[in-house]
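# Inside the fold
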Amino acid sequence: METKSKPEPRQEPDHHHHHPAKKTKINHPMEEEEQHPSASTSNQDQESSSESITFPDFPHEILVEILSRLPVKSLVKFKCVSKSWLSLTSNPHFIKAHLRISANKDDFRHHGLIFTVLPPNSHSHLKQCSLRSALNVEMSIIQVIDIDYPMKSPHKSVWVVGSCDGLVCIAIEENDLFLWNPAIRKYKKLPDLAIRLKHGCYIIFGFGYDMLNDDYKVVAIFCVFRGGNDYETEVRVYSLKHDSWMRIDNFKGGVPLDDSGKYANGKLHWAASRGFDSNHSWKIVSLDLGNESYGEVERPEYGDGVYDWTFGVLGGCLTVLCDYEWTRVDVWVMKEYGVRDSWSKVVSVPYLDDPEKSRYSFPVCLLKNGEILLVLGSGLVLYNPQSNTFKYRQINGVEEVNMYAESLVSPLFIEENSCVIMSKAAEIRGES
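Residues numbered from 1 in each chain as written. Predicted model: local features only at pLDDT ≥ 70, side-chain atom pairs only at ≥ 80, totals over all residues. Heavy atoms only, no water.

## Here we look at the overall build of the protein chain
- Assigned secondary structure in the protein chain consists of seven helices and 27 strands.
- Across the 432 residues in the protein chain, those meeting the buried criterion constitute 44%.
- Taking the contacts inside the protein chain whose residues are at least 6 apart along the sequence as the reference set, 51% of them involve residues at least 24 apart.
- Per element, the accessible surface of the protein chain, about 23300 Å² overall, is 50% carbon and sulfur. (Helix = DSSP H or I, 4+ residues; strand = E, 2+ residues; numbered from the N terminus. Buried < 20%, exposed > 50% of the residue type's maximum accessible area, 1.4 Å probe, protein only. Contact = heavy atoms within 4.5 Å. Areas by Shrake-Rupley, 256 points an atom, 1.4 Å probe, with all protein chains shown as cover.)

Here it is in structure tokens:
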């Protein structure tokens, strides 16, 4: 699941410092150290024979425009070109600009998929592939690869809480939480919650971006049943900026169902029942990550006959998948956040003749041409409503699929900002 990026307003370029394009020699990174005047002739010969690159000295804003359109893998390599490129690609404004471009590309060039795979009689683990390879109609089997995620172990199960701006929140056995960027291979372990689980207690998490405070937050909801209709909740919020958990008001609006919070429009959302009776209807409860207030979002009026439903986010919009048993699934999208009348049924996907009687799970993505990618059984199905055709791609043991946009956003917020401050202080003191 992906979310819209939240860039800061782009700074207007400084038009007072434009210079004519000129040729500039860029030395190999190892040559950036200044040679002492008394260096030997052999050292000078080595320097003169070393490789160098000559290219136009573009104005700064042009260079930013070019680099912000490149994939993350290339930008990580370019950090070694020079100190100025390292500084540029580490700049928060550049990171936001790059994220805005990559997240909004219609061709999903910079998007990846993370599969939660559950082999028989084993613990769940993660695999990955690019979204474009999953959409490749020429392939019948998706080539997924193992991925090194934090605290990876064949003896511990892992699941994805959610993804936002290239950061993926994962939980290991409900005990350890990590913020992880698989594109740049950086992660941060969250502090322990330091709470003892009671009998009859379950935990629900959620992960998203606080637009008000420019912060990433993880929410943990502890729900304890005491018998009958008696229950209580405790809610804690982790702030990446402050690297700590804080308790907030208890969950309001019903009994949260056992599923991760879904992020959209600066808020996390949970499906919640209005009571303990299964005949009671459900609703959508929101938590604003900025002011930590609860609210409610009207769900779609999809009528009768629905066997089951799944709630989530598709393309940054709240979405409900309605399952009409073995007939079809309807996908409802709230196109304008908070406006009940904006709920719209965007596509109906008929069921295939499946001897295993597998059910569709929540959609992975909705393409601009109307095609939709869903999980069915142990694989992915790409459905084209115009031609009423299916393309099936097998992935053995797939349990869940999460989409993320590759980005330079680092989970090491505090550590890396401290390094920048120390580096700036060293420059002011004239230290090398």
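Once the structure has been displayed, the description carries forward.
## Remarks on the sheet that holds strand S5 (residues 145–146)
- Reading across the sheet, the four strands line up as S5-S4-S3-S27 and stay open at both edges, with antiparallel pairing between neighbours. Edge positions in the sheet fall to S5 and strand S27 (398–405), since each has one partner strand and no second. (Pairing = 2+ DSSP bridges.)

## A word on the side chain of Thr116
- The residue Thr116 is located in strand S3 (residues 111–117) in this model.
- The residues touching Thr116, leaving out its near neighbours within four places in the chain, are Ser124, His125, Leu126, Val158, Val160, Gly397, Val398, Glu399 and Glu400.

## What about the sheet that holds strand S19 (residues 308–314)?
- Taken in spatial order, the four strands of this open sheet run S19-S20-S21-S22, and their pairing is antiparallel. Edge positions in the open sheet fall to S19 and strand S22 (343–350), since each of these has one partner strand only. Between one strand and the next, the sheet's axes are offset by a mean angle of 20°, whatever the strand orientation.
- Bridging between strand S21 (residues 328–334) and S22 involves seven bridges; their strand directions are antiparallel. Along S22, the bridge assignment pairs Asp330 with Ser348. (Axes fitted to C-alpha atoms, helices over the stretch in contact; angles between N-to-C directions.)

## Description of the nonpolar core
- Grouped together as the largest cluster of nonpolar side chains are 53 residues, with contacts concentrated most on Leu177, Phe207, Val218 and Val219.
- At seven residues, strand S11 (residues 215–227) tops the list of elements feeding residues into this core.
- Setting aside its immediate chain neighbours within four residues, Val219 contacts Ile204, Phe205, Gly206, Val235, Arg236, Val237, Leu268, Trp270, Leu287 and Leu289.
- Among the nonpolar cores identified, the runner-up in size contains 20 residues, and Cys129, Leu135, Leu382 and Met403 belong to it. (Core = buried A, V, L, I, M, F, W, Y, C linked by side-chain atoms within 4.5 Å.)

## Things to note about the pairing of strand S16 (residues 267–273)
- In terms of burial, S16 is largely enclosed, as six of its seven residues are buried.
- Bridge count for strand S14 (residues 255–256) against S16 is two bridges, and the pairing is antiparallel. Bridged to Val255 within S16 is Ser273.
- Sheet topology note: the strand S15 (residues 262–264)/S16 ladder contains three bridges and is antiparallel. By the bridge assignment for S16, Tyr263 is matched with Leu268.
- Linking two consecutive strands that pair antiparallel, namely S15 and S16, is a turn of two residues; a positive phi of about 60° is found at Asn265 within it.
- Here S16 runs beside strand S17 (residues 282–288); their pairing, made up of seven bridges, is antiparallel.

## Some details on the packing of aromatic side chains
- All told, the structure shown has 13 aromatic pairs when counted by the stated rule.
- Ring geometry for Phe251 against Tyr294: centres 5.8 Å apart, planes inclined by 75°, an arrangement best described as edge-to-face. One end of the pair, Phe251, is in the loop between strand S13 (244–248) and S14; the other, Tyr294, is in strand S18 (residues 294–297), and 43 residues separate them in sequence.
- Aromatic side chains Trp282 and Phe311 sit 6.3 Å apart centroid to centroid with 50° between the ring planes, which places their arrangement in the tilted category. Here Phe311 lies in strand S19 and Trp282 lies in strand S17, a separation of 29 residues in the sequence.
- Phe311 sits in the buried class, given a relative accessible area of 5%.
- Ring-pair connections join several aromatic residues into one group, and the members of that group are Phe207, Tyr209 and Tyr216. (Phe/Tyr/Trp six-rings, centres within 6.5 Å; stacked < 30°, edge-to-face > 60°.)

## Thoughts on the confidence of the model for the protein chain
- Per-residue pLDDT for the protein chain averages 81, and the proportion of residues at 70 or more is 79%.
- Model confidence for the protein chain, summarised as mean pLDDT per element, is weakest for strand S1 (residues 23–27) at 37 and strongest for S15 at 97.
- pLDDT under 50 marks residues 1–54. Its contacts with residues more than four places away, or in other chains, come to 68 contacts. (pLDDT = per-residue confidence, 0-100.)

## A few points about helix H2 (residues 60–67)
- Leu63, Val64 and Leu67 are the residues of H2 that are buried. Projected down its long axis, H2 shows its buried positions confined to an angular sector of 100°, all on one face.
- Taken together, the buried residues of H2 touch helix H3 (72–78), helix H4 (83–89) and helix H5 (92–103). (Arc of directions from axis to C-beta.)

## Remarks on the pattern of salt bridges
- For the structure shown, the criterion picks out 19 salt bridges.
- A salt bridge links Asp214 to Lys96; the nearest nitrogen and oxygen atoms lie 3.2 Å apart. With a gap of 118 residues between them, Asp214 in the loop between strand S10 (201–210) and S11 and Lys96 in helix H5 connect regions that are remote in the sequence.
- Of the charged contacts in the structure, one is a salt bridge between Lys217 and Glu292, with a shortest N-O distance of 3.8 Å. Within this pair, whereas Lys217 is found in strand S11, its partner Glu292 is found in the loop between S17 and S18, the two being separated by 75 residues in sequence.
- Residue Lys217 is classed as buried on the basis of its relative accessible area of 7%.
- Among the residues examined, Glu292 registers a relative accessible area of 21% and is labelled partly exposed. (Salt bridge = Lys/Arg side-chain N within 4 Å of Asp/Glu carboxyl O.)

## Brief notes about H5
- In this model, H5 (twelve residues) spans 16 Å end to end at C-alpha, consistent with the 16 Å of a helix rising 1.5 Å per residue.
- Within H5, nine of the twelve residues are buried, leaving the element largely enclosed by the surrounding structure.
- Buried within H5 are the following residues: Phe94, Ile95, Lys96, Ala97, His98, Leu99, Ile101, Ser102 and Ala103.
- Where H5 starts, the residue carrying a side-chain oxygen 2.8 Å from the main-chain nitrogen of His93 turns out to be Asn91. (Expected span 1.5 Å × (residues − 1). Polar contact = N/O pair within 3.5 Å; in protein donor to acceptor, adjacent residues only side chain to side chain.)

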